[in-house]
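Single-letter residue listing:
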Amino acid sequence: MMIEQKLTVGIADMKLLQGEGTLITYALGSCIGLCFHDPRLRLGALLHIMLPLNMEAGRTHPLKYADTGIKETLRQMEAKGASRSRITVKIAGGAKMFEVSGAGLGNIGQRNIESVHTVLKRENIHLLAENVGGTVARTLLFDVASGQGCIRSYGQKDIIF
């Protein structure tokens, strides 16, 4: 009997799995988790981004940002034979976690959602489903064989999407 592989994806991190197994990321507040799936290859990737745009001079942390993180994830999937025409994405997160007074950060969750939408459109990737916004942190589980996602939030029923 094979033990199912479970890989944890940290903040500003991405992992790929092929065949079967579960990718999981915790504490999606204003961050967004993106589940990439190529059904023919049963190849999945889970990306956990923190911020909308990469303004880093050295761009040393591409997975931290929506724009460079999505590009890097697609690059690694394509290196394993994935096709953009088959890749679909499901997203979760982008909550408004803190009430920020005055100007400054504003609603990072909302900016992350908008940035992810923009980049996916620009990269021509089909957004299949989303569970975003609100004020609650999410844990995201992604089954790479089926492409099914599951969102867990404290005190709420699991959401399968």
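Keep in mind that what you see is a predicted model, and the values were worked out from it rather than measured.

Reading the values: rules and limits
Residues numbered from 1 in each chain as written. Predicted model: local features only at pLDDT ≥ 70, side-chain atom pairs only at ≥ 80, totals over all residues. Heavy atoms only, no water. Phe/Tyr/Trp six-rings, centres within 6.5 Å; stacked < 30°, edge-to-face > 60°. Lys NZ or Arg CZ within 6 Å of the ring centre and 35° of its normal. Helix = DSSP H or I, 4+ residues; strand = E, 2+ residues; numbered from the N terminus. Expected span 1.5 Å × (residues − 1). Buried < 20%, exposed > 50% of the residue type's maximum accessible area, 1.4 Å probe, protein only. Contact = heavy atoms within 4.5 Å. Polar contact = N/O pair within 3.5 Å; in protein donor to acceptor, adjacent residues only side chain to side chain.

As for the packing of aromatic side chains
Evaluated as defined, the whole model comprises zero aromatic pairs. Across from the ring centre of Phe161, 5.8 Å away, lies the NZ or CZ of Lys90, which sits over that ring.

A short note on helix α2 (residues 108–122)
Over its 15 residues, α2 runs 21 Å from end to end, which matches the ideal 21 Å to within 8%, given 1.5 Å per residue. Every buried residue belonging to α2 is among Ile108, Gly109, Asn112, Ile113, Ser115, Val116, Val119 and Leu120, and all of these are buried. Taken together, the buried residues of α2 touch β4 (32–38), β5 (43–49), α1 (66–79), β6 (88–93) and β7 (126–132). Where α2 begins, the side chain of Asn107 points an oxygen toward the backbone nitrogen of Gly109, at a separation of 3.2 Å. Just downstream of α2, Asn124 is the residue with a positive phi angle, here 65°.

Points about α1
With 14 residues, α1 should cover 20 Å at 1.5 Å per step; its first-to-last C-alpha distance of 20 Å lies within 8% of that length. For α1, the secondary structure elements touched by its buried residues are β2 (13–18), β4, β5 and α2. Immediately downstream of α1, the backbone of Gly81 shows phi near 100°, a positive value.

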